Amino acid sequence: MPTFSNPVLPGSRPDPSICRVGADYYLVTSSFAYFPGLPVHHSRDLVDWTPLGHVVDRPSQVSLTGLDVSDGLWAATIRHHEGTFYVVVTLARGRRGSTTHLFTASDPAGPWSDPVALDAEGIDPSLFFDDDGRCWFTACRDAAEPEVTGPGELWMRELDLHRQELTGPTYALWYGAVRGAWVEAPHLYKRDGVYHLIAAEGGTEHHHAVTAARAESVTGPYTTDPRSPLLTHRHRGAAEPVHNVGHADLVDTPAGETWAVVLGTRPTDGTHTLGREVFLVPVEWTDRGPVFAPETGRVGLSERLPAGVAAPPAQDGRPVRDDFAGPALGPEWTGLRGPTDHLVFPLPGEGGLSIRLSPEPLTSTGTPAFVARPQQHLRMRAAALVRLTAPAPGQEAGLVVFQNERRHATLALTVDGDGTRQAVLTAVDAGISTRLGAVPVTGTEVVLAVDGDEAAYAFHVEDGARSTVGSVERPFFSTERAGGFVGVHLGLYGTSGTGEGEAHVRWFEYVPDRD
């Protein structure tokens, strides 16, 4: 039986939501404080996904300024109804829901509308279109009586699509299946006249789980599915390759199957650096409700192909080389908190990316001269050909392995007061910088590279010969050590205390599974 490899979207792509229009599937994931925000992907087979663009691509839509990397745009839901795509999402500040935004578009590739702020508290908003055309908004929030019901509450109001505002009474739907655990990520589905409420409990870490309730009426009352949790890996041992499974969204295929996208992580020796990724799981409907992964009860690294997909599609794993020759950066590249005018491409006559050095450091919550893409494979190589133009003391530009503003490592070209050019490796922990190594460089343009594997990230310079500058242990960049909700991003940056200076990047390459 032909199979595909999980995850179907590797690298930091958490909180997946999916919808189908005809033969086309569309998926969005959380983006936090990265900009552009809310990446949209497209597929024809649920396995091979292509980036289309972003819901948030204009600073006028949402302000991310001043936010921690793990705040920002959380857990969007995408739905389609009568020719219009809808995305609802929470803007989080200080790890709590701040504003709920509704976006619309006629084309999922964009442009998306300016958002409408909904009168909704909490996080993880979702939409459900019933058979009668009415639209119902669900989300999770603090319970009014946590000592009685548990800490979280799933709630509902009707969404007036014409006025784009919530209307009518508020219904408290469900408090979860696990006492003492927060219930979140609600999605509603209707099957044979029964409403199924799928949610997540246990946090987005080791105890994450998919739970469920059901009702005869959309507004309830909802009763807990006694089989809950319907899908979890919290009971499995450390050798299990996939952990933290949860946050499910379901989609029906033209062939009549149901599949779920869920998030999960792939830890190594108890820590993970790639973030929460998108996994695909078959679902079977029974009289009792949905059964996830009916043959195994778990999310595997290999799974059978959906019906109607004749052969394994090409999945991510190919080397990527970007010469920055196009009129804009590709959709896989993002910056922090907003667009920056410090990136110019292509350069007239020679191509490549120009980075105008910025006084905004990577340790700030502003918008530095920075662009990156998620690391998608544990074993990989990233490299760039970099030139620091007319360098002066206090200027630096190069590669960055970025976890968050408080924890990252840079391999940068610099110049000392006597004019000596160097490539310097620096690690930042809790905002404090430590110089780990340096090698002199003689060329005006050198290759800066990092090789990652299960043990460490090793940093190198290729300047006529290959020189190793130093290494940083892999768990330093892990979510378990750094906190937050994001995985490692690999990118380019440039800073200057005076805001003067420029660097040129001729190319960037990413080579997965490097031996």
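Residues numbered from 1 in each chain as written. Predicted model: local features only at pLDDT ≥ 70, side-chain atom pairs only at ≥ 80, totals over all residues. Heavy atoms only, no water.

Draft legend 1. Quick peek at the pairing of strand 9 (residues 96–105). Across nine bridges, the pairing between strand 8 (residues 84–93) and strand 9 is antiparallel. Of the residues in strand 9, the one forming a bridge with phenylalanine 85 is alanine 105. In sequence, strand 8 turns back onto strand 9 through a hairpin of two residues, with glycine 94 there showing a positive phi of about 60°. The pairing of strand 9 with strand 10 (residues 116–118) spans three bridges and is antiparallel. Across the sheet, threonine 100 pairs through a bridge with leucine 118, a residue of strand 10. (Pairing = 2+ DSSP bridges. Helix = DSSP H or I, 4+ residues; strand = E, 2+ residues; numbered from the N terminus.)

Draft legend 2. Seen up close, the sheet that holds strand 14 (residues 165–174). On the basis of which strands lie adjacent, the open sheet formed by four strands has the order 11-12-13-14 and antiparallel pairing. The sheet is open, and its two edges are formed by strand 11 (123–129) and strand 14, each paired on a single side. Here the average twist between neighbouring strands, direction ignored, is 25°. Pairing analysis gives eight bridges linking strand 12 (residues 135–142) to strand 13 (residues 152–160), with the strands arranged antiparallel. Paired with aspartate 142 across the bridge in strand 13 is glycine 152. (Axes fitted to C-alpha atoms, helices over the stretch in contact; angles between N-to-C directions.)

Draft legend 3. Structural context of the pattern of salt bridges. In this structure the tally under the stated criterion is 38 salt bridges. Aspartate 131 is paired through a salt bridge with lysine 190; the nearest N and O atoms lie 3.0 Å apart. You can see aspartate 131 sitting in the loop between strand 11 and strand 12 and its partner lysine 190 sitting in strand 15 (residues 183–191), a full 59 residues away along the chain. For aspartate 131, a relative accessible area of 66% corresponds to the exposed category. For glutamate 405, the salt bridge identified is with arginine 406, shortest N-O distance 3.1 Å. (Salt bridge = Lys/Arg side-chain N within 4 Å of Asp/Glu carboxyl O. Buried < 20%, exposed > 50% of the residue type's maximum accessible area, 1.4 Å probe, protein only.)

Draft legend 4. Representation of the state of the cysteines within the structure. Applying the stated criterion to the full structure yields zero disulfides. Left without a disulfide partner, cysteine 19 is nearest to the cysteine sulfur of cysteine 135, which lies 13 Å away. Overall, the relative accessible area of 6% leaves cysteine 19 in the buried class. (Disulfide = S-S within 2.5 Å.)

Draft legend 5. Spatial organisation of the sheet that holds strand 3 (residues 24–28). One open sheet accounts for four strands, arranged 2-3-5-6; its pairing is antiparallel. Edge positions in the sheet fall to strand 2 (17–21) and strand 6 (50–56), since each of these pairs with one other strand and no more. Geometrically, the sheet is characterised by an average inter-axis angle of 25° between neighbouring strands, direction not taken into account. As judged from the five bridges shared by strand 5 (residues 37–43) and strand 6, these two strands associate in the antiparallel manner. Residue pairing in the sheet places proline 39 in a bridge with histidine 54 of strand 6.

Draft legend 6. Focus on the environment of valine 47. The topology assignment puts valine 47 in the loop between strand 5 and strand 6. Classification of valine 47 as buried rests on a relative accessible area of 1%. Here the alpha-carbon distance between valine 47 and leucine 343, two residues 296 residues apart in the chain, equals 33 Å.

Draft legend 7. Up close: the packing of aromatic side chains. In this structure the tally under the stated criterion is 13 aromatic pairs. Measuring from centroid to centroid gives 5.5 Å for phenylalanine 137 and tryptophan 155, while their planes differ by 55°, and the two rings are tilted. With phenylalanine 137 in strand 12 and tryptophan 155 in strand 13, this residue pair connects regions lying 18 residues apart in the sequence. Each member of the pair phenylalanine 137 and tryptophan 155 is classed as buried. When the ring of phenylalanine 476 is compared with that of phenylalanine 477, the centres are 5.0 Å apart and the planes differ by 90°; the resulting orientation is edge-to-face. Using a relative accessible area of 9% as the deciding quantity, one classes phenylalanine 476 as buried. Looking at phenylalanine 477, the relative accessible area reads 0%, which means it is buried. Ring pairing ties together the aromatic residues Phe32, Trp74 and Phe485, which thus form one cluster. The positively charged end of arginine 373 is found above the aromatic ring belonging to tryptophan 333, 5.6 Å away from the centroid. We note arginine 407 situated over the ring of phenylalanine 476; from NZ or CZ to the ring centre the distance is 4.7 Å. (Phe/Tyr/Trp six-rings, centres within 6.5 Å; stacked < 30°, edge-to-face > 60°. Lys NZ or Arg CZ within 6 Å of the ring centre and 35° of its normal.)

Draft legend 8. Structural view of unusual backbone geometry. With an omega of 0°, the peptide bond running from phenylalanine 35 to proline 36 counts as cis. At phenylalanine 324, a residue that is not glycine, the phi angle is positive and equals roughly 55°. Position of phenylalanine 324 among the secondary structure elements: in the loop between strand 25 (320–322) and strand 26 (335–336).

Everything listed here is a matter of coordinates, which is why it stays silent on function.
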